[in-house]
Amino acid sequence: MKTDTEKDVIQFGARQIQYHLHRDDRKHLRVVVSPELKVDVYAPKTASDGQIHAAVKKKATWIARTLDKLEMYHPLPSPKRYVSGETFLYLGRQYRLKVENGLGQPAKLVGRFLWVWTEDKADVLSVKRAVDEWYRKRARKALGRYMEKCYTIASRHGFSEPLLVIRAMRRRWGSCSPSGRISLNLKLVQAPVHCIEYVIMHEFCHLKHHNHSKAFYSLLSRFQPDWRKRKEALDRFRL
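Calculation notes
- Residues numbered from 1 in each chain as written.
- Predicted model: local features only at pLDDT ≥ 70, side-chain atom pairs only at ≥ 80, totals over all residues.
- Heavy atoms only, no water.
- Phe/Tyr/Trp six-rings, centres within 6.5 Å; stacked < 30°, edge-to-face > 60°.
- Helix = DSSP H or I, 4+ residues; strand = E, 2+ residues; numbered from the N terminus.
- Buried < 20%, exposed > 50% of the residue type's maximum accessible area, 1.4 Å probe, protein only.
- Lys NZ or Arg CZ within 6 Å of the ring centre and 35° of its normal.
- Pairing = 2+ DSSP bridges.
- Axes fitted to C-alpha atoms, helices over the stretch in contact; angles between N-to-C directions.
- Contact = heavy atoms within 4.5 Å.
- Arc of directions from axis to C-beta.
- Core = buried A, V, L, I, M, F, W, Y, C linked by side-chain atoms within 4.5 Å.

**Student:** Would you mind showing me how to read the packing of aromatic side chains here?
**Tutor:** Think of a pair of aromatic rings as described by two things: how far the centres are apart, and how the planes are tilted against each other in angle. The full count for this structure, using the stated rule, is eleven aromatic pairs. Seen from their ring centres, Y90 and W134 are 5.3 Å apart, and the 65 degrees between their planes marks the pair as edge-to-face. Here W134 lies in helix α3 (residues 124–155) and Y90 lies in strand β5 (residues 87–90), a separation of 44 residues in the sequence. You can call Y90 buried: its relative accessible area is 8%. Between the aromatic rings of F216 and Y217, the centroid separation amounts to 5.0 Å while the plane-to-plane angle is 80 degrees, which identifies the pairing as edge-to-face. Judged by its relative accessible area of 0%, F216 falls in the buried class. Of the residues examined, Y217 reaches a relative accessible area of 30% and is grouped as partly exposed. Ring pairs connect the aromatic residues Y90, Y95, W134 and Y135, which therefore count as one cluster. When the ring centre of F88 is taken as reference, the NZ or CZ atom of K80 above it lies at 4.6 Å.

Below, the structure written as structure tokens:
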């Protein structure tokens, strides 16, 4: 039996797809394809190598399609250096960073520039903290505003107002809990407004249908008839 973590390969037509196997205490197998074009398989410790390989092979079409889709966006954006002239996104629009020496104060959006004042322009961590704090404040206001807009629609169908949580999330734009809490990715505030509304409405529908069944998509289409176009735009959006 292979141990955590090992590499394996499945054959999909003439293509070989390598995946990294991780075993842990779980009940179900999960396949994750990351933007870095890496395939990770998380499997129960009790599953045999043959069972895991067969399960991954059943998902080969989805894995190949996802890899092809993500490959269109490569090379991935370079890490931010937090220096004047760099571009930052807010609600789908680009703003240039302007770093100036000065007494520490909150970052501020002026025209098409995001201004940051710091005692030392070369102090990257200080600039990053100021930008991150600016995003957190903007996210609370903007995402909260669009949450209220979507709730206005959902409330007509008997939905109660959920608790909104905004936090850093590695792989999801949003999620919801059975207790009625919707969590949104902090980085979602960088996406265009119509994409933000799609994510929120998607999570509203999950409050009633905790799956992607026909009933779920029927409700989503009722709430947001153009959700497919919004999803396509979000899929093309790279942070």
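**Student:** What is the right way to look at the sheet that holds strand β9 (residues 163–167) in this model?
**Tutor:** The pairing of strands in a sheet comes from backbone hydrogen bonds and takes either a parallel or an antiparallel form. Overall, mixed pairing links the three strands, which are arranged β9-β11-β10 in an open sheet. Of all the strands in the sheet, just β9 and β10 (174–176) have a single pairing partner and so form its edges. Neighbouring strand axes in the sheet, compared pairwise and without regard to direction, differ in orientation by 20 degrees on average. Pairing geometry for β9 and strand β11 (residues 181–185), over five bridges, is parallel. Residue pairing across strands places L163 opposite R181, the latter belonging to β11. Against the sheet, α3 touches β9 and β11, its axis set at about 145 degrees to β9.

**Student:** Would you mind showing me how to read helix α5 (residues 214–223) here?
**Tutor:** Think of an α-helix as turning once every 3.6 residues; residues three or four places apart then point the same way. Turning to α5, its buried residues number three or more, namely F216, L219, L220 and F223. Each buried residue of α5 lies within a common arc of 100 degrees when the element is viewed along its axis, so the set occupies one face. Of the exposed residues in α5, those oriented more than 90 degrees away from the buried face are K214 and R222. On its buried face, α5 sits against α3, α4 (193–206) and α6 (227–236).

**Student:** Whenever I open this one, the nonpolar core confuses me. Can you help?
**Tutor:** Nonpolar side chains in soluble globular proteins generally cluster together in the buried interior. Core analysis: the biggest nonpolar cluster contains 46 residues, and Y90, L97, V131, I196, I200 and F204 have the highest contact counts within it. The element best represented in this core is α3, accounting for twelve residues. Excluding residues within four positions of it along the chain, I200 makes contact with L143, Y146, M147, C150, I182 and L184. Judged by nonpolar contacts, the second largest core, of 17 residues, contains V39, I52, A60 and L70.

**Student:** Would you mind showing me how to read the sheet that holds strand β7 (residues 105–110) here?
**Tutor:** The four strands lie next to each other as β5-β6-β8-β7, forming an open sheet whose pairing is mixed. Lying at the two open borders of the sheet, with one neighbouring strand each, are β5 and β7. In this sheet, adjacent strand axes meet at a mean angle of 35 degrees when their direction is disregarded. In the sheet, β7 pairs with strand β8 (residues 113–118) via four bridges, with the strands oriented antiparallel. Within β8, the residue paired with K108 across the bridge is W115. Taken strand by strand, α3 contacts β5, β6 (93–101), β7 and β8, and its axis lies near 130 degrees from that of β8.

**Student:** Looking at this structure, I do not really get the pairing of strand β4 (residues 39–44). What am I missing?
**Tutor:** Walk down a regular strand and you will see the side chains alternate between the two sheet faces. The element β4 is largely enclosed, with a buried count of six among its six residues. Bridge count for strand β2 (residues 15–24) against β4 is five bridges, and the pairing is parallel. Looking at the pairing, H22 lines up with Y42 of β4. Relative to β4, strand β3 (residues 30–33) runs antiparallel, the two sharing four bridges. In the strand pairing of β4, V32 is matched with D40. Where β3 hands over to β4, the hairpin turn is made up of five residues, of which L37 adopts a positive phi near 65 degrees.

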